[in-house]
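Notes for the structure review
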Amino acid sequence: MASSARSTPTASRSLFSIVDPIFTEQGIEIVDGLTPEDLYTNEFIDESISLGF
């Protein structure tokens, strides 16, 4: 599997930067110091399983 498929923290960080102002405008509080790594992990991905390419 391509390494870009496992770039979850980077993609999450990008999503955070998009939704943070939206949530703030709507009065939704996000915990101070919350990071993408707090929500997403590749810890349980078994790299021995693939799609065969």
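These figures come from a predicted structure and were not determined experimentally.

What counts, and at which threshold
- Residues numbered from 1 in each chain as written.
- Predicted model: local features only at pLDDT ≥ 70, side-chain atom pairs only at ≥ 80, totals over all residues.
- Heavy atoms only, no water.
- Patch = residues over 30% accessible without salt bridge, like charges linked within 9 Å, V, L, I, M, F, W, Y side chains within 5 Å.
- Areas by Shrake-Rupley, 256 points an atom, 1.4 Å probe, with all protein chains shown as cover.
- Salt bridge = Lys/Arg side-chain N within 4 Å of Asp/Glu carboxyl O.
- Helix = DSSP H or I, 4+ residues; strand = E, 2+ residues; numbered from the N terminus.
- Buried < 20%, exposed > 50% of the residue type's maximum accessible area, 1.4 Å probe, protein only.
- Contact = heavy atoms within 4.5 Å.
- pLDDT = per-residue confidence, 0-100.

**Some points on a nonpolar patch on the surface**
Side chains of Leu15, Ile18, Ile22, Ile30, Val31, Leu34, Leu39 and Tyr40 sit close together on the surface and give an oily, nonpolar patch of about 690 Å² of accessible area. Of note, Leu34 is situated in the loop between α1 (8–25) and α2 (36–39). The class for Leu34 is partly exposed, based on a relative accessible area of 31%.

**Describing the environment of Pro9**
One can find Pro9 in helix α1. Residue classification places Pro9 among the partly exposed residues on the basis of a relative accessible area of 25%. A C-alpha to C-alpha distance of 8.7 Å links Pro9 and Thr35, two positions 26 residues apart in sequence. Setting aside its immediate chain neighbours within four residues, Pro9 contacts Pro36 and Glu37.

**A closer look at the confidence of the model for the protein chain**
Per-residue confidence for the protein chain gives a mean pLDDT of 80; residues scoring 70 or more make up 85%. Note on residues 1–5: pLDDT under 50 across the span, and 2 contacts to partners over four residues away in sequence or across chains.

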